[in-house]
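# Coordinates in review
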Amino acid sequence: MTLKYPFVTEKAMVLLENQSKLQFLVTREATKDDVKREIEKSFGQKVKSVRTLMNTHGQKKAIVSFENNKAAEEILSRLGIM
């Protein structure tokens, strides 16, 4: 399992509302292709791009943008976060 859980902070919610992007904490070994493949398989939404970064706590975070502008909100709704 590449994805750990959605990363939801105030800044992440602003990114969701303005640019329709989601943030997930992922395993350190996860590649961008792994993240893209797992999100498309798990949620059935086409991924446009994936950016990854390491945060100050040593965790890897993926910022995912979708081809469908409403996909990010739909995924958070399905997960019961929004």
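Scroll up for the structure.
Let us look at the structure shown here. (Residues numbered from 1 in each chain as written. Predicted model: local features only at pLDDT ≥ 70, side-chain atom pairs only at ≥ 80, totals over all residues. Heavy atoms only, no water.)

## Quick word on the overall build of the chain
- Looking only at helices and strands, one finds three helices and four strands in the chain.
- Reading the chain from its N end, one meets helices and strands in the order β-α-β-α-β-β-α.
- On C-alpha atoms alone, the chain measures out to a radius of gyration of 12 Å, which is about the 12 Å that the 2.2 N^0.38 rule sets for 82 residues.
- Considering only C-alpha atoms, the chain reaches an extent of 30 × 25 × 20 Å along its principal axes.
- Sorting the 82 residues of the chain into buried and exposed places 39% on the buried side.
- Contacts in the chain between residues at least 24 apart in sequence constitute 54% of all its contacts with a sequence separation of at least 6.
- Surface accessibility of the chain: about 5200 Å² in total, with carbon and sulfur atoms responsible for 47%.
- One finds the centroid of the 15 positive side-chain charges in the chain at a distance of 4 Å from the centroid of its 10 negative side-chain charges. (Helix = DSSP H or I, 4+ residues; strand = E, 2+ residues; numbered from the N terminus. Rg over C-alpha atoms; globule rule 2.2 N^0.38 Å. Buried < 20%, exposed > 50% of the residue type's maximum accessible area, 1.4 Å probe, protein only. Contact = heavy atoms within 4.5 Å. Areas by Shrake-Rupley, 256 points an atom, 1.4 Å probe, with all protein chains shown as cover. Lys, Arg positive; Asp, Glu negative; His and termini not counted. Charge placed at Lys NZ, Arg CZ, Asp CG, Glu CD.)

## Focus: helix H1 (residues 10-19)
- Residues Ala12, Leu15 and Leu16 constitute the buried set of H1. Each buried residue of H1 sits inside an arc of 100° when the element is viewed along its axis, so together they form one side. Opposite its buried face, H1 presents the exposed residues Glu10, Lys11, Glu17 and Asn18, each directed more than 90 degrees away.
- Check the buried side of H1 and you find it contacts strand S2 (21-26), strand S4 (60-66) and helix H3 (71-79).
- Phi turns positive one or two residues past the end of H1, at Ser20, with a value near 55°. (Arc of directions from axis to C-beta.)

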